[in-house]
Amino acid sequence: MEVREDMAGSVCRLHVAGEMTIYSALELKARLLGSMARCAELDVDSADVTEVDSAGLQLLLLAKREARSVGKQMRVSAPSQAMQEALQQFCLSQTLEHL
């Protein structure tokens, strides 16, 4: 997994490439929460995500919950085919709009 962060004002955009799985969960959690601490809004660009498991989806849901609890916004943009399939598999397809 590779993660690149861009900042534009108070918005952090994390570009995630590769796997969002249990094997990268600790690193991804640190990056998500670290970016959220620095920015008012977090945008996770998942266009280059190649594999997603339940741990990857749980991290996105955790980040969304944490953002709401501190009055910030978090969203997932440009879902890759792998992201869309994982969301469908776990019956979270409609949730993407709210992530």
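None of the values given here were measured: they were computed from a predicted structure.

Peer 1: Could you give me a rundown of the pairing of strand E3 (residues 41-52), with the residues and numbers involved?
Peer 2: Pairing of strand E2 (residues 11-20) with E3, which is carried by nine bridges, proceeds in the parallel orientation. Bridging across to E3, Ala17 finds its partner in Asp48. With helix H1 (residues 25-38) bridging E2 and its parallel neighbour E3, the resulting β-α-β unit is right-handed.

Peer 1: Residues and numbers for the nonpolar core, please.
Peer 2: Among the nonpolar cores identified, the biggest contains 25 residues, and Met20, Leu32, Leu42, Val44 and Met74 are the most heavily contacted of them. Only E2, H1, E3, helix H2 (54-69), strand E4 (73-77) and helix H3 (81-89) provide two or more residues apiece to this core. At five residues, H2 tops the list of elements feeding residues into this core. In contact with Leu32, other than residues within four places in its own chain, are Leu14, Leu42, Val44, Leu59 and Ala63.

Each value, and the rule that gives it
- Residues numbered from 1 in each chain as written.
- Predicted model: local features only at pLDDT ≥ 70, side-chain atom pairs only at ≥ 80, totals over all residues.
- Heavy atoms only, no water.
- Pairing = 2+ DSSP bridges.
- Helix = DSSP H or I, 4+ residues; strand = E, 2+ residues; numbered from the N terminus.
- Right-handed = clockwise from strand over helix to strand, strands pointing away.
- Core = buried A, V, L, I, M, F, W, Y, C linked by side-chain atoms within 4.5 Å.
- Buried < 20%, exposed > 50% of the residue type's maximum accessible area, 1.4 Å probe, protein only.
- Contact = heavy atoms within 4.5 Å.

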